[in-house]
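# Structural overview
What follows is the residue order along each chain.
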Amino acid sequence: ALSTMWAMQPRFQHDLHAFLERAAELGYGGVEINHSMDAQMAGAILASGVLPVTSVHAPAPLERHATAGWNRELNLASTDEAERALAVQYTTRTIDLAAEAGARFVVVHLGGIAARILPGERRLRELWPRRDLAREEWDARLDEAVRERAGLIEPYLGPARRSFDELVEYAGPRGVAIGLECRLHYHEIPSPTEVAELIAPYPASVAGYWHDVGHAEVQHRLGLVDRSAWFDLLGERLLGTHLHDVRGLVDHRAPGAGDVDYAWLAARVAPSAARTLEIDQHEPDESVARALDVLRGANLL
């Protein structure tokens, strides 16, 4: 499937039918509705019928709350109960959309420590281009980042658990499974062990892990979470993947436009896991088409 992230460009924003037709022409067999799609856009995709909707990325559709701002900025792990409850409410709308579309999965970002990148990670990113020349400083900054998250995360885990439980309980009877996605930034939930704890009470039919290749790769490159850890702990609970490439620390490139090791990945992603290419709107058509060949060559498709 191709995420509608790629549709967020002028030629498609008012003609989602054209996006779907182009996706089909490029070789894709389905789409994921992402959280940049408002209700009108999502409705146009459902009405078109060109390609099936395989998954929906919460909190689609994109909406702006009168006082709380954009729904995708709300924190499902917030210690403010009003914000947490509102974030759950918007995500249940995503589940309803998935059920209406006949999509099997809803991909969820579970929030994290406040809304901004932590200073420890920011310093690692600043140091990354010269990490080999400043190894002692790099190691100190890495240790600082790990200790920083460990010291701050605890108050957010309880709200995250409540939100996740409420979403799974809502989704299950509607035939939708919640895929808990690994995140780009270290202050966000979940870590591999946090995923394992969150999904443990539930069968794979209603809850599991969603592996975002670019997010995991960036955290790996920063030394924060080894990319193997996700599969070592969660491989048997993998529901699906967001496939994209990474150049340096920049993700959402078309596969083949970066240096992710897809052969390594292919050995770990089960054939049953859903595959969605999450490529941003700046990548050209030829790269979006070639991405499928790159992944087939690595035995990922």
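Heads up: the structure comes first, above all this text.
Nothing here was measured: the structure is a model prediction, and the numbers come from that model. (Residues numbered from 1 in each chain as written. Predicted model: local features only at pLDDT ≥ 70, side-chain atom pairs only at ≥ 80, totals over all residues. Heavy atoms only, no water.)

### As for the overall build of the protein
The criterion, for reference: Secondary structure elements follow DSSP: runs of H or I of four or more residues count as helices, runs of E of two or more count as strands, with numbering from the N terminus. As a reference, a globule follows 2.2 Å times the number of residues to the power 0.38, and the radius of gyration itself is taken over C-alpha atoms. Here, residues are in contact when the closest pair of their heavy atoms is within 4.5 Å. Positive charge is attributed to Lys and Arg, negative charge to Asp and Glu, and no charge count is given to His or to the chain ends. For the purpose of locating charges, the reference atoms are NZ of Lys, CZ of Arg, CG of Asp and CD of Glu.
Helix and strand counts for the protein come out as 12 helices and 12 strands. Taking 301 residues into account, the globule formula puts the C-alpha radius of gyration at 19 Å, and the protein, at 19 Å, falls close to it. Overall size of the protein, expressed as C-alpha extent along the three principal axes, is 55 × 45 × 35 Å. The long-range fraction of contacts in the protein, counting pairs at least 24 apart against all pairs at least 6 apart in sequence, stands at 75%. Side-chain charges in the protein split into 30 positive and 44 negative, and the spacing between the mean points of these groups amounts to 2 Å.

### Re helix 2 (residues 16-25)
In plain terms, the rule: Relative accessibility decides the category of a residue: with a 1.4 Å probe and only protein chains considered, values under 20% of the type maximum give buried, values over 50% give exposed, and everything between is partly exposed. Note that the arc is computed from the directions linking the helix axis to the C-beta atoms.
Taken residue by residue, helix 2 has Leu16, Phe19, Leu20 and Ala23 as its buried positions. Taken around the axis of helix 2, the buried residues stretch over an arc of 95°, which confines them to a single face. Buried residues in helix 2 make contact with strand 1 (2-3), helix 1 (10-13), strand 2 (31-33) and helix 3 (39-48). Gly27 sits one or two positions beyond helix 2 and adopts a positive phi of about 110°.

### Some thoughts on unusual backbone geometry
The step from Ala58 to Pro59 runs through a cis peptide bond, and the omega angle for that step is 0°. As for its position among the elements, Pro59 is in the loop between strand 3 (53-57) and strand 4 (64-65). A cis amide bond links Ile189 with the next residue in sequence, Pro190, at an omega value of 20°. In this structure, Pro190 sits in the loop between strand 7 (177-181) and helix 8 (192-199). Unusually for a residue other than glycine, His252 sits at a positive phi of about 65°. Mapped onto the fold, His252 is located in strand 11 (residues 250-253). The exposure class of His252 is buried, given its relative accessible area of 13%.

### Brief notes about the side chain of Thr276
Position of Thr276 relative to the elements: it lies in strand 12 (residues 274-277). On the basis of relative accessible area, Thr276 is assigned to the buried category, the value being 1%. Contact partners of Thr276, with chain neighbours within four places excluded, come to Ala1, Leu2, Ser3, Glu32, Thr54, Ser55, Trp210, Thr241, His242 and Leu243.

### As for the packing of helix 8 against helix 10 (residues 227-234)
How two helices pack is summed up by the angle between their axes together with the distance between the axes. Rule in force here: The convention used is that axes are lines fitted to C-alpha atoms, helices contributing only their stretch in contact, and that angles between N-to-C directions extend from 0 to 180 degrees. If an angle is under 35 degrees, it is roughly parallel; if it is over 145, roughly antiparallel; if it lies from 65 to 115, roughly perpendicular; otherwise it is oblique. We call a crossing left-handed when the near helix sits turned anticlockwise from the far one by less than a right angle, and right-handed when that turn is clockwise.
Their axes nearest at 9 Å, the elements helix 8 and helix 10 cross at an angle of 25°. With respect to helix 10, the element helix 8 is oriented roughly parallel. In the packing of helix 8 onto helix 10, the handedness of the crossing is right-handed. Contact residues: helix 8 offers Pro192, Thr193, Val195, Ala196 and Ile199, while helix 10 offers Ala229, Trp230, Leu233 and Leu234.

### A closer look at the nonpolar core
Going by this rule: Here, nonpolar core means buried Ala, Val, Leu, Ile, Met, Phe, Trp, Tyr and Cys residues that are tied together by side-chain atoms lying within 4.5 Å of each other.
Formed by 95 residues in total, the largest nonpolar core has its most connected members in Tyr28 and Phe164. Take this core: its biggest share by element is 7 residues, from helix 4 (residues 81-101). Discounting chain neighbours no more than four positions away, the residues touching Phe164 are Leu110, Ile178, Leu180, Leu198, Ile199, Tyr202 and Ala207. Of all hydrophobic cores here, the second largest spans 5 residues; its members include Phe105, Val107, Ala177 and Trp210.

### Focus: the pattern of salt bridges
Cut-off, in case you're wondering: The term salt bridge refers to a pairing of a side-chain nitrogen on Lys or Arg with a carboxyl oxygen on Asp or Glu at a separation within 4 Å.
What the rule picks out here adds up to 24 salt bridges. In this structure, Asp96 and Arg174 form a salt bridge, with 3.6 Å as the shortest nitrogen-oxygen distance. Separated by 78 residues along the polypeptide, Asp96 in helix 4 and Arg174 in the loop between helix 7 (154-171) and strand 7 bring together distant segments of the chain. A salt bridge links Arg135 to Asp139; its shortest N-O distance comes to 3.9 Å. Here Arg135 pairs with Asp139, and both are found in helix 6 (residues 135-152), just 4 residues apart, close to one helical turn. By relative accessible area, which is 38% here, Arg135 ends up partly exposed.

### Some details on the packing of aromatic side chains
Heads up, the condition is: Two rings from Phe, Tyr or Trp (for Trp, the six-membered ring) form a pair when their centres are within 6.5 Å of each other. A pair whose planes differ by under 30 degrees is stacked, one over 60 is edge-to-face, and the rest are tilted. Lysine and arginine charges are scored as sitting over a ring when NZ or CZ, respectively, is within 6 Å of the ring centre and within 35 degrees of the ring normal.
Counted under the stated rule, the structure contains 7 aromatic pairs. An aromatic cluster is built from Trp6, Phe12 and Phe19, whose rings are joined through pairwise contacts. Over the ring of Tyr186 we find Arg149; its NZ or CZ atom is 5.5 Å from the centre of that ring.

### Side note on the pairing of strand 11
For clarity, the cut-off: Only when DSSP finds a minimum of two bridges between them are two strands counted as paired.
Alignment of strand 10 (residues 245-247) against strand 11, held across 2 bridges, turns out to be antiparallel. Bridge assignment links Asp245 to a residue of strand 11, and that residue is Arg253. Where strand 10 folds back onto strand 11 in an antiparallel hairpin, the turn is made up of 2 residues, including Gly248, whose phi is positive at roughly 65°.

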